[in-house]
Amino acid sequence: MDLHLKNKVFIVTGGAKGIGEGIVLELVKEGAIPVILGRSKEAGIDIEKKIKEGGGKCLNIMAELPNPEICKEAVQKTVDTFGALHGIVNNAGVNDGVGLDSGSPEAFKKSVITNLLHYYDLAHYALPHLKKTKGSIVNISSKTAITGQGGTSGYAASKGAQLALTREWAVELAQYGIRVNAVVPAEVMTPQYERWINSFDDSERSLAQITDRIPLEKRMTTSEEIAAATVFLLSSRSSHTTGQWLFVDGGYVHFDRAYNR
Ligand code: NAP
């Protein structure tokens with residue numbers, strides 16, 4: 001299927017590693033131009049080099065989010081460099097384990113600020129340009145917004161708010177032909193996930209227990225599978241899909257608990 005993404009320009013936050021990296025590389029495969037906005041210096045330089053050596057185009061902007069001014073500047077730099085902006089992927093986030101019991105009001109506030117505010121900032125500054133291109137927004141949320149996890153209030157609240165904003169923005173922006181959707185991963189092996197699983201005493205056993213609970217093929221979702229769904233939602237091939245939460249999770253969230261094959 002031709003996704004008609006050749007030379008289209010997309011900003012991906014946290015695009016140097018994990019799920020974001022998967023999305024960036026999938027965009028490049030489709031001939032699109034990703035702009036990586038995130039704080040991972042070495043990984044950002046590496047991915048930029050890899051894309052350019054392969055004949056692709058991209059831009060790498062180093063930034064700690066949230067920072068409204070940086071989002072504004074990144075959008076402007078993108079448009080100055082490539083002439084247009086066709087979409088954004090809000091993806092950068094950290095499951096920082098700020099619990100109700102274990103956390104504090106200050107830590108909760110910090111977690112929500114870190115995980116949520118830049119989703120709004122980037123969409124806000126991208127909007128005038130997305131109106132011109134009838135662009136698309138994809139918010140990467142998390143199953144924790146739906147299932148809870150325990151011990152991670154700030155992250156869960158942010159992920160839930162991202163789903164609410166997806167529908168809210170889809171309604172507000174329908175008049176401009178701008179579509180807004182969310183992709184909801186559950187268990188994806190990324191640098192962040194690897195750090196988390198390695199924090200367990202017996203990480204191999206913990207991982208086996210987790211994958212055993214994933215109905216489809218008893219395995220983790222790959223970053224490439226999240227990326228394929230995201231890039232489809234960015235493309236005009238999903239031209240009548242908006243306000244949706246797409247669960248790319250091997251059935252983790254919705255399957256009947258009786259399913260155990
Ligand atoms: P990852 O491996 O940590 O990659 C995320 C990238 O974003 C990293 O380069 C990270 O930099 C960067 N980043 C994070 N917060 C940032 C900030 N405030 N400012 C600038 N850059 C920032 O994470 P991932 O697992 O791919 O997760 C990506 C998204 O998927 C997140 O929104 C997460 O909530 C969601 N998600 C993931 C899973 C999963 O199983 N992996 C499940 C559900 C949802 P550093 O490396 O320096 O931190």
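What counts, and where the lines are drawn
Residues numbered from 1 in each chain as written. Predicted model: local features only at pLDDT ≥ 70, side-chain atom pairs only at ≥ 80, totals over all residues. Heavy atoms only, no water. Core = buried A, V, L, I, M, F, W, Y, C linked by side-chain atoms within 4.5 Å. Buried < 20%, exposed > 50% of the residue type's maximum accessible area, 1.4 Å probe, protein only. Contact = heavy atoms within 4.5 Å. Helix = DSSP H or I, 4+ residues; strand = E, 2+ residues; numbered from the N terminus. Pairing = 2+ DSSP bridges. Right-handed = clockwise from strand over helix to strand, strands pointing away. Salt bridge = Lys/Arg side-chain N within 4 Å of Asp/Glu carboxyl O. Axes fitted to C-alpha atoms, helices over the stretch in contact; angles between N-to-C directions. Expected span 1.5 Å × (residues − 1). Disulfide = S-S within 2.5 Å. Near = heavy atom within 4 Å. Polar contact = N/O pair within 3.5 Å; in protein donor to acceptor, adjacent residues only side chain to side chain. Areas by Shrake-Rupley, 256 points an atom, 1.4 Å probe, with all protein chains shown as cover. Nonpolar A, V, L, I, M, F, W, Y, C, P; charged D, E, K, R; others polar. Domains from an automatic or database assignment.

*Asks:* Tell me about the nonpolar core, and please be specific about residues and values.
*Replies:* Among soluble globular proteins, nonpolar side chains are generally buried collectively. Formed by 55 residues in total, the largest nonpolar core has its most connected members in Ile 11, Ile 23, Leu 27, Leu 37, Leu 85, Ile 88 and Ile 137. Look past the residues within four positions of Ile 11 in its chain and what remains in contact with it is Val 35, Leu 37, Ala 74, Val 75, Thr 78, Leu 85, Gly 87, Ile 88, Val 89 and Leu 122. Listed in part, the 5 residues of the second largest apolar core include Ile 197, Ile 210, Ile 214 and Met 220.

*Asks:* Before we move on, could you go through the pairing of strand β4 (residues 87–90) and cite the residues and values that matter?
*Replies:* Of the two faces of β4, the one holding Gly 87 and Val 89 and the one holding Ile 88 and Asn 90 are both buried throughout. Here β4 pairs with strand β5 (residues 136–140) via 4 bridges, running parallel. Looking at β5, one finds that Asn 90 is bridged to Asn 139. Once the chain exits β4 it traverses helix α4 (residues 105–133) before rejoining the sheet at β5, and the crossover so formed is right-handed.

*Asks:* Provide a residue-level description of the pattern of salt bridges, including the pertinent values.
*Replies:* Per the counting criterion, the structure on display carries 7 salt bridges. Across the pair Glu 217 and Arg 219 runs a salt bridge whose closest N-O atoms are separated by 2.7 Å. According to the relative accessible area criterion, Glu 217 is exposed, its value standing at 54%. Take Arg 219: its relative accessible area is 30%, and that puts it in the partly exposed class. The partner of Arg 219 in a salt bridge is Glu 225, and the shortest N-O contact between them spans 2.7 Å.

*Asks:* Account for the sheet that holds strand β6 (residues 179–185), with residues named and values stated.
*Replies:* Within the open sheet, the 7 strands sit side by side as β3-β2-β1-β4-β5-β6-β7. Their pairing is parallel. Sheet topology places β3 (59–62) and β7 (245–248) at the edges, where each strand pairs with a single neighbour. Each strand of the sheet is rotated relative to its neighbour by a mean of 15 degrees, with strand direction disregarded. In the packing of helix α1 (residues 18–29) onto the sheet, contacts are made with β1 (9–13), β2 (33–38), β4, β5 and β6, and the angle to β1 comes to roughly 165 degrees.

*Asks:* Give a description of the pairing of β5 that names residues and reports values.
*Replies:* The buried fraction of β5 amounts to 5 of the 5 residues, a majority that puts the element mostly inside the structure. By the alternation rule, side chains of β5 split into Ser 136, Val 138 and Ile 140 and Ile 137 and Asn 139, which are all buried. As paired elements, β5 and β6 share 5 bridges and run parallel to each other. Pairing of Asn 139 across the sheet is with Ala 182, part of β6.

*Asks:* An account of α1 is needed here, citing residue identities and associated values.
*Replies:* The terminal C-alpha atoms of α1, which comprises 12 residues, lie 17 Å apart, in line with the 16 Å expected from a rise of 1.5 Å per residue. Of the residues making up α1, those classed as buried are Gly 18, Ile 19, Gly 20, Gly 22, Ile 23, Val 24, Glu 26 and Leu 27.

*Asks:* Just give me the short version of the state of the cysteines, but keep the residues and values in it.
*Replies:* A full pass over the atoms with the stated rule returns 0 disulfides. Of the cysteine sulfurs around Cys 58, a residue in no disulfide, the closest is that of Cys 71, at 18 Å.

*Asks:* Before we move on, can you summarise the site of the ligand with the specific residues and values?
*Replies:* What surrounds the ligand is a group of 29 residues, the closest being Lys 17, Ser 40, Asn 91, Tyr 155 and Thr 190. The separation between an oxygen atom of the ligand and a polar side-chain atom of Lys 17 is 2.7 Å. If the ligand stood free it would expose 880 Å²; the protein chains cover 94% of that surface. Of all the elements in the fold, those that place two or more residues in the shell around the ligand are α1, α4, α6 (153–173) and α7 (191–197). Looking at which element gives the most residues to the shell around the ligand, the answer is α7, with 3 residues. The residue makeup of the shell around the ligand, split by class, is 13 nonpolar, 11 polar and 5 charged. Each of domain 1 (9–186 + 222–246) and domain 2 (189–220) accounts for three or more of the residues forming the shell around the ligand.

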